[in-house]
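Take a look at the letters that make up each chain.
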Amino acid sequence: MILQMLERLGEHYRANIDTRFIRTALLQVSLEKSQWDLIDSLTKADQLRFQGYMLENLYIQLAAARKLASLARRDLVPNIRNRVAAVGSSTGPERVLRDMAVNAFESNVEIFSQMIDQIFATLVKLDSADRKNGRRPLCTQMPELADLLLTLQEQ
C-alpha cells in the first residue's frame, strides 16, 4: 500500500510539478541540496520497490517534500507566470503546454501536499501499531517531524 502511494506521489511530482516548463522556477526555491536529494529519492519509487524503505528515511524525505510544497506555495505560486515567462518564450504548441502547466501549478502543488499528508498519516498509523511493546512511535522521537505531526492532528 505504501509503495503504491509513493509511486503515485512520484508520478504526480514528475508529471505536474517538476516539468520542463516549471523546473527552472522550481529550482529557485531555497532548499539545500540535501533536501533536493531527499525529494529526488522519495519521488523515485522504483528504487524503493527494489531496496525497500527505512521508516526514518521515509519520514525525513516526506518532511523535505512537505517543505518544498510549502515554499512553492509561498514563493512560486504568486508569481509563477512571470518566472516561467522570463525563462524563455515559446510559440505554438509549446506555449499552450507551458500555459497549462503554469495555470495548473497551484492546484498541482496542493494535490502534492495532500498526497504527502496522506502518506505521512498512513505511516504514523503503521508506526504506532508497530510500537505496541511500550516504545514510542518513531515519528514522535524525531523533532523534524513536529510540524507534520501537528498538521496531522489538526485534520
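About the criteria used
Residue indices begin from 1 for each chain and proceed along its sequence in written order. Owing to the predicted nature of the model, reporting of local features is limited to residues with pLDDT of at least 70; listing and counting of side-chain atom pairs is limited to 80 or more, with chain, interface and lining totals taken over all residues. To obtain the side-chain values, all non-hydrogen atoms of the structure were included, while hydrogens and water were left out. The helix count covers DSSP runs of H or I at least four residues long, the strand count covers runs of E at least two residues long, and both are numbered beginning at the N terminus. With a 1.4 Å probe rolled over the protein chains alone, any residue whose accessible area is under 20% of its type maximum counts as buried; one over 50% counts as exposed, and the rest are partly exposed. Two rings from Phe, Tyr or Trp (for Trp, the six-membered ring) form a pair when their centres are within 6.5 Å of each other. A pair whose planes differ by under 30 degrees is stacked, one over 60 is edge-to-face, and the rest are tilted. Each patch is built from residues lacking any salt bridge and having more than 30% relative accessible area; the joining distance is 9 Å for like charges and 5 Å for nonpolar side chains (Val, Leu, Ile, Met, Phe, Trp, Tyr). Here the Shrake-Rupley method, with its probe set to 1.4 Å, supplies the accessible areas, and only the displayed protein chains count as covering residues. Any Lys or Arg side-chain nitrogen located within 4 Å of an Asp or Glu carboxyl oxygen qualifies as a salt bridge. By definition, residues are in contact when any of their heavy atoms lie within 4.5 Å. Residues belong to one nonpolar core when they are buried, are Ala, Val, Leu, Ile, Met, Phe, Trp, Tyr or Cys, and are joined through side-chain atoms within 4.5 Å.

Mind showing me how you'd approach the environment of Asp 117 here?
With respect to the secondary-structure elements, Asp 117 resides in helix H7 (residues 92-130). Under the relative-accessibility criterion, Asp 117 is labelled buried at 11%. In sequence terms Asp 117 and Leu 152 are 35 residues apart; their C-alpha atoms lie 7.2 Å from each other.

It is not clear to me how the packing of aromatic side chains should be interpreted in this structure. Could you clarify?
We describe a pair of aromatic rings using the distance from one ring centre to the other and the angle between the two ring planes. Scanning the entire structure with this criterion turns up two aromatic pairs. Measuring from centroid to centroid gives 5.6 Å for Tyr 59 and Phe 120, while their planes differ by 65 degrees, and the two rings are edge-to-face. Within this pair, whereas Tyr 59 is found in helix H5 (residues 55-76), its partner Phe 120 is found in helix H7, the two being separated by 61 residues in sequence. A relative accessible area of 0% places Tyr 59 in the buried class. Taking relative accessible area as the criterion, Phe 120 reaches 1% and is therefore assigned buried.

How do you make sense of a nonpolar patch on the surface when you look at a structure like this?
Judged by side-chain polarity, Val 96, Leu 97 and Met 100 come together as a nonpolar surface patch covering roughly 270 Å² of accessible area. Locating Leu 97 in the fold gives a position in helix H7. What makes Leu 97 partly exposed here is its relative accessible area of 37%.

Sorry, what's going on with the environment of Phe 120 here?
With 28 residues separating them along the chain, Phe 120 and Leu 148 place their C-alpha atoms 7.9 Å apart. Excluding residues within four positions of it along the chain, Phe 120 makes contact with Tyr 59, Leu 62, Leu 145, Leu 148, Leu 149 and Leu 152.

What is the right way to read the nonpolar core from this model?
In a soluble, globular protein the nonpolar side chains are often hidden away together inside. With 46 residues, the main nonpolar core has Tyr 59 and Phe 105 as its most contacted residues. When residues of this core are traced back to their parent elements, those giving at least two are helix H1 (2-17), helix H2 (23-26), helix H3 (33-42), H5, helix H6 (80-87), H7 and helix H8 (146-154).

It is not clear to me how the side chain of Asn 108 should be interpreted in this structure. Could you clarify?
With respect to the helices, strands and loops of the structure, Asn 108 is situated in helix H7. The class of Asn 108 is buried, set by a relative accessible area of 10%. Excluding residues within four positions of it along the chain, Asn 108 makes contact with His 12, Asn 16 and Ile 17.

When you look at the pattern of salt bridges in this model, what are you seeing that I'm missing?
Any two side chains of opposite charge can pair, on the condition that their charged atoms come close. Using the criterion set out here, one finds eight salt bridges in the structure. Note that Lys 33 is salt-bridged to Asp 37, the shortest N-O span being 3.0 Å. A residue pair is termed a helical-turn pair when its members lie 3 or 4 positions apart in one helix, as Lys 33 and Asp 37 do in helix H3 at four residues. Where Asp 117 meets Arg 66, a salt bridge forms, and the shortest distance between an N and an O atom there is 2.8 Å. Of the two residues, Asp 117 sits in helix H7 while Arg 66 sits in helix H5, which places them 51 residues apart along the sequence. Both residues of the pair, Asp 117 and Arg 66, belong to the buried class.

Any functional reading would require information beyond the geometric quantities listed.
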